[in-house]
Amino acid sequence: MFVNGLYLYVTAILLLAVYTRLKLTNKQMPNLNQKQTALGDVAARQLAIATRTVPQMVSITPRWLTHLLNWIPVESGVYRLNKVKDGSTAEVDCSGRDERELPHTFIDYVENPREYNLNAVNTVLDVHTRVSDLYSKPYNQISEQLRLTIESIKERQESELINNEEYGLLHSIAPSQRISTRSGAPTPDDLDELLSKVWKEPGFFLLHPKAIAAFGRECTRKGVPPPTVSLFGSQFITWRGIPLFPSDKLPIVDGKTKILLLRTGESRQGVVGLYQPGLPGEQSPGLSVRFMGINDKAIASYLVSLYCSLAVLVDDAIAVLDDVEIGNYHEYNY
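Here the residue numbering is sequential within each chain, running from 1 through the sequence in written order. Totals for whole chains, interfaces and linings use all residues, but because this is a predicted model, local features are given only for residues with pLDDT of at least 70 and pairs of side-chain atoms are given and counted only at 80 or more. Heavy atoms throughout the structure, all of them, feed into the side-chain values; hydrogens and water do not.

A word on the overall build of the protein
Along the protein, the regular secondary structure elements total seven helices and 15 strands. Relative to its length of 334 residues, the protein is extended, with a C-alpha radius of gyration of 33 Å against a globular reference of 20 Å. On the principal axes, the C-alpha backbone points of the protein span a range of 135 × 70 × 35 Å. Evaluated residue by residue, the protein yields a buried proportion of 37% over its 334 residues. In what follows, a contact means two residues having at least one pair of non-hydrogen atoms within 4.5 Å. In the protein, 75% of the contacts between residues at least 6 apart in sequence involve partners at least 24 apart. Per element, the accessible surface of the protein, about 21,700 Å² overall, is 53% carbon and sulfur. Put simply, the protein has 34 plus and 37 minus side-chain charges, and the middle of one group is 14 Å from the middle of the other. Going along the chain from the N terminus, every DSSP run of H or I of four or more residues is numbered as a helix, and every run of E of two or more is numbered as a strand. For the radius of gyration, the atom set is restricted to C-alpha positions; the globular benchmark scales as 2.2 Å times the number of residues to the power 0.38. Three labels apply to residues, based on accessible area from a 1.4 Å probe with only protein chains included: buried if under 20% of the type maximum, exposed if over 50%, partly exposed otherwise in between. Residue exposure ignores everything except the shown protein chains as possible cover, and the areas themselves are Shrake-Rupley values with a 1.4 Å probe. Neither His nor the chain termini are counted; the positive set is Lys and Arg, and the negative set is Asp and Glu. For charged residues, the charge sits on one atom: NZ in Lys, CZ in Arg, CG in Asp, CD in Glu.

See the structure below:
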């Protein structure tokens, strides 16, 4: 009797739980047979105009290097860098009040100076005329395709200015202007040593964003947080008053990267950018867009070209800190 009573009690509890669950579910589920009394969202959206954006591209960066360089127009695509021969200096005398004979002197030049030839970064953009004719409201398809293509070309330009084996910054540094970190991670002492290499009007540091973070950690550890400065509407940390500009074009190999320090400007005997002026179809200095025609498949083609190079006028215009480790972290006990 006891067992039968217990069985009936448990069964009643389970049935009550199932009934309660079904009742709650029915309350939560909409009645599919209920008649609609107003216009629904899905149908209404067919008459609505969505606010659209132009195409966004994550690979676009500020490209600070191209903004910070002084750009020199180059005729005929060649820039000849004339230099004085090493050790050639003028012999001078601080004359007294006598009639001593003054020294005779001259400055000798390098007889075969280096010439920089402009390099081209270019591509051909193809746009089907059906697409540009039918789908150019509110944004012009050709304009947007050209805008994104030009952004990609300018990203490649900055990469070449840093990494090109012929004229890039990383391949234009004299051996005397190379130093290595003291302990791997970039410390304030390392950047001070770099400043001693480019002490004549240094302009800015150029380094990977991860190197900036690594330097910030070392400053925090030493209790010397770097001050910040507002430039071009953005905030940058500085060291000894020199701003640190980020660029993701500086390579990271095996957890290590490099930090550059530059002086810019032709009048300062620094680093200068080179471009070709007066190009047909010029959109900006050194950049041109030219219509190439429409083929038998109704595809319109546009030639997008950018001509540029870079020159380091004297050796002490640039220096590099090698073997910069970016994966060093610290624990702080408060």
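On we go.
Notes on the pairing of strand β10 (residues 256-262)
Burial within β10 is extensive, with five of its seven residues counted as buried. Pairs of strands are assigned from DSSP output, requiring at least two bridges between the strands. The sheet contact formed by strand β6 (residues 204-207) and β10 spans four bridges and is antiparallel. Within β10, the residue paired with Leu206 across the bridge is Leu260. Sheet topology note: the β10/strand β15 (residues 318-325) ladder contains six bridges and is antiparallel. By the bridge assignment for β15, Leu262 is matched with Ile318.

As for helix α6 (residues 188-197)
In an α-helix, one turn spans 3.6 residues; hence positions three or four apart end up facing the same way. When α6 is considered as a whole, its buried residues turn out to be Pro188, Asp190, Leu191, Leu194 and Leu195. The buried residues of α6 occupy an angular sector of 155 degrees when the element is viewed end-on, so they sit on one face. Directions pointing from the helix axis toward each C-beta atom define the arc.

Points about a nonpolar patch on the surface
Nonpolar side chains collect at one region of the surface, where Val84, Ile107 and Tyr109 lie side by side and expose about 280 Å² of accessible area between them. Positionally, Tyr109 belongs in the loop between β2 (78-81) and β3 (114-117). Each patch groups residues whose relative accessible area exceeds 30% and which form no salt bridge, using 9 Å between like charges and 5 Å between nonpolar side chains of Val, Leu, Ile, Met, Phe, Trp and Tyr. One side-chain nitrogen of Lys or Arg within 4 Å of one carboxyl oxygen of Asp or Glu is enough to make a salt bridge.

Quick notes on the nonpolar core
One finds Leu169, Leu206 and Leu260 to be the most contacted residues of the largest nonpolar core, which totals 47 residues. With eight residues, the single largest contributor to this core is strand β14 (residues 299-312). Every residue in contact with Leu260, bar those within four places of it in the chain, is listed here: Leu169, Leu170, Ile173, Leu194, Phe204, Phe205, Leu206, Leu250, Ile318, Ala319 and Val320. Of all hydrophobic cores here, the second largest spans 20 residues; its members include Leu195, Val198, Ala211 and Leu261. Joining through side-chain atoms within 4.5 Å is the link that ties buried Ala, Val, Leu, Ile, Met, Phe, Trp, Tyr and Cys residues into a set, and such a set is a nonpolar core.

So, the pattern of salt bridges
What the rule picks out here adds up to 17 salt bridges. Notably, a salt bridge pairs Glu111 with Lys85, separated by 3.8 Å at the nearest N-O pair. With a gap of 26 residues between them, Glu111 in the loop between β2 and β3 and Lys85 in the loop between β2 and β3 connect regions that are remote in the sequence. Where Arg147 meets Glu144, a salt bridge forms, and the shortest distance between an N and an O atom there is 2.9 Å. Of the two residues, Arg147 and Glu144 both sit in helix α5 (residues 141-163), three residues apart, roughly one turn of that helix. One continuous salt-bridge network, built from bridges that share partners, spans Arg63, Glu151, Glu155, Glu158, Asp248 and Lys249.

What about the packing of aromatic side chains?
Here a Phe, Tyr or Trp ring, Trp counted by its six-membered ring, pairs with any other such ring whose centre lies within 6.5 Å, and the pair is stacked when the planes are under 30 degrees apart, edge-to-face when over 60, and tilted otherwise. For the structure on display, the rule yields nine aromatic pairs. Where Phe215 meets Trp239, the ring centres are 5.7 Å apart and the plane angle is 80 degrees; that geometry is what we call edge-to-face. Within this pair, whereas Phe215 is found in helix α7 (residues 209-222), its partner Trp239 is found in strand β8 (residues 234-239), the two being separated by 24 residues in sequence. Given the relative accessible area of 8%, Trp239 is considered buried. Between Phe236 and Phe245, the ring centres sit 4.5 Å apart and the planes meet at 50 degrees, which makes this aromatic pair tilted. Residue Phe236 is classed as buried on the basis of its relative accessible area, which comes to 5%. Judged by its relative accessible area of 2%, Phe245 is buried. Three or more aromatic residues joined by ring pairs form one cluster here, namely Trp64, Phe204, Phe232, Phe236 and Phe245. In this scheme, Lys NZ or Arg CZ marks a charge over a ring once it lies within 6 Å of the ring centre and within 35 degrees of the ring normal. The ring of Tyr329 has Arg217 sitting right over it, with the charged end atom 3.9 Å from the ring centre.

Side note on the environment of Met57
Relative to the helices and strands, Met57 resides in the loop between α2 (41-44) and α3 (64-68). A relative accessible area of 28% means that Met57 is categorised as partly exposed. Spatially, the C-alpha atom of Met57 lies 22 Å from that of Ser288, the residues being 231 residues apart in sequence. The residues touching Met57, leaving out its near neighbours within four places in the chain, are Leu148, Glu151 and Ser152.

Topic: the side chain of Arg263
With respect to the helices and strands, Arg263 occurs in the loop between β10 and β11 (271-275). Overall, the relative accessible area of 2% leaves Arg263 in the buried class. Within the structure, Arg263 has its side chain in polar contact with the backbone oxygen of Arg268 (distance 3.0 Å). With sequence-adjacent residues up to four places away left out, Arg263 is seen in contact with Val198, Lys200, Glu201, Gly203, Arg268, Gln269, Gly270, Val271, Val314, Asp316 and Ala317. Distance and chemistry together define a polar contact, namely a pair of N or O atoms within 3.5 Å, with one atom able to donate a hydrogen and the other to accept it when in protein, and with adjacent residues in sequence counting only for side-chain atoms on both sides.

Considerations on the side chain of Glu155
Of note, Glu155 is situated in helix α5. On the basis of relative accessible area, Glu155 is assigned to the buried category, the value being 9%. Here the side chain of Glu155 touches Thr61 through a polar contact of 2.7 Å, landing on its backbone nitrogen.

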